[in-house]
Amino acid sequence: MLEVRSLNAGYPSRLILKDINASFEAGKLYILLGPNGSGKTTLLNTIGGWQKPFGGQVLVDGKDLFEQSDRQRAHLTGRMAQQTASLSMTVSRFVLLGCYANQAWINPYSLADYQKVDQVLTALKLTDLADRRMDQISSGQRQRAAIAQVLAQDPVCLLLDEPGSALDPSARFKLMETLVSLRSADRVLLAIVHDLDLALRYGDELLVLDQGQLVFQGTGDELVRSHVVEDVFGLVIKDWDPETRTGRIFPAACEGKWI
């Protein structure tokens, strides 16, 4: 369980997040939406423990994140950044770096670490690429390797910052299917996604930030029935099908012009 209480965060010269309250349960895929500059990455960084808040709390399984050591935090939260570097190391070595928090002084990686790498490579369908170099595989494969690296860290909360930003449409769908498959009773999944269609289709719960404030948290059906999509994004959703979670999305300014 991840809980955010009265969170205020930002930078010394500017407050970005204002009184954020939210809760997240294991076993669900949460998707964070919002216009550019609304504070999505700041929220993700603060929830993950990489940016200290001005006020409020982030609790993971009842533990205040900012009262934990770096090693303890590494087992509570793990983050995948927007872009994955095209490194010359192999995929398996790259994923192994996720076990860094477990390293001992004399024997850096244990047998359990290598077994964990094998486990996540299998889960992300990367076994055949284990000995390939990161700079020799596709962008979609690198994104899956980056997710595998965070999974090897074995955090309670897996946080992803626009994981599909560099992918083509087909690869983005595959990536979202991968995220859905990673839902677990022991893991909170939270991803920033810019594509409203993908968010509605795959998210168990959606959150919307606007100007540093959390203006919505609920299901896709609830979001479609609200005024948030039009008020925040200037979009309209027509012909919504709750079973397939799909509909026609277009700018509100064009309503009545398109059929």
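*Asks:* Can you break down the nonpolar core residue by residue, with the values?
*Replies:* Ile-147 and Leu-223 are the most contacted members of the largest nonpolar core, which totals 52 residues. The biggest single contributor to this core is helix 5 (residues 139–153), with seven residues. Residues contacting Ile-147, with those up to four places away along its chain left out, are Met-80, Leu-124, Leu-158, Leu-160, Leu-175, Leu-179 and Leu-182. Leu-7, Leu-43, Leu-159 and Ile-192 belong to the second largest nonpolar core, which has 26 residues in total.

*Asks:* Which residues make up the packing of aromatic side chains, and what values do they have?
*Replies:* Going through the model one piece at a time under the given rule, you end up with three aromatic pairs. Considering the side-chain rings of Phe-24 and Tyr-30, the 5.0 Å spacing of their centres and the 80° angle between planes classify their relative orientation as edge-to-face. You can call Phe-24 buried: its relative accessible area is 1%. Given the relative accessible area of 1%, Tyr-30 is considered buried. Ring centres 6.4 Å apart and planes at 65° place the aromatic pair Phe-173 and Tyr-202 in the edge-to-face group. Pair noted here: Phe-173 is in helix 6 (residues 169–181) and Tyr-202 is in helix 7 (residues 196–202), with a separation of 29 residues, a long-range link. We classify Phe-173 as partly exposed; its relative accessible area is 32%.

*Asks:* Can you lay out the sheet that holds strand 2 (residues 14–24) for me, pointing to particular residues and giving the numbers?
*Replies:* Taken in spatial order, the four strands of this open sheet run 2-1-4-5, and their pairing is antiparallel. Single-partner strands in this sheet number two, and they are strand 2 and strand 5 (63–64). For strand 4 (residues 55–60) and strand 5, the ladder comprises two bridges, and the chain directions are antiparallel. Each residue of the ladder has a partner; that of Val-60, found in strand 5, is Lys-63.

*Asks:* I'd like a description of helix 1 (residues 40–48), backed by residues and values.
*Replies:* Helix 1 sits mainly inside the fold: eight of its nine residues count as buried. Along helix 1, the residues classified as buried are Lys-40, Thr-42, Leu-43, Leu-44, Asn-45, Thr-46, Ile-47 and Gly-48. The first or second residue beyond helix 1 is Gly-49, which carries a positive phi of 95°.

*Asks:* Could you give an account of the sheet that holds strand 7 (residues 157–161), with specific residues and numbers?
*Replies:* Read across the open sheet, the six strands follow the order 6-7-8-3-9-10; overall the sheet is mixed. If you trace the sheet from one side to the other, it starts and ends with strand 6 (77–80) and strand 10 (213–218), each paired once. Neighbouring strand axes in the sheet, compared pairwise and without regard to direction, differ in orientation by 20° on average. Pairing of strand 3 (residues 29–33) with strand 8 (residues 188–192), which is carried by four bridges, proceeds in the parallel orientation. Its bridge partner being in strand 8, Tyr-30 is matched across the sheet by Leu-190. Docked against the sheet, helix 6 engages strand 3, strand 7 and strand 8, running at close to 135° with respect to strand 3.

Rules behind the numbers
Residues numbered from 1 in each chain as written. Predicted model: local features only at pLDDT ≥ 70, side-chain atom pairs only at ≥ 80, totals over all residues. Heavy atoms only, no water. Core = buried A, V, L, I, M, F, W, Y, C linked by side-chain atoms within 4.5 Å. Buried < 20%, exposed > 50% of the residue type's maximum accessible area, 1.4 Å probe, protein only. Helix = DSSP H or I, 4+ residues; strand = E, 2+ residues; numbered from the N terminus. Contact = heavy atoms within 4.5 Å. Phe/Tyr/Trp six-rings, centres within 6.5 Å; stacked < 30°, edge-to-face > 60°. Pairing = 2+ DSSP bridges. Axes fitted to C-alpha atoms, helices over the stretch in contact; angles between N-to-C directions.

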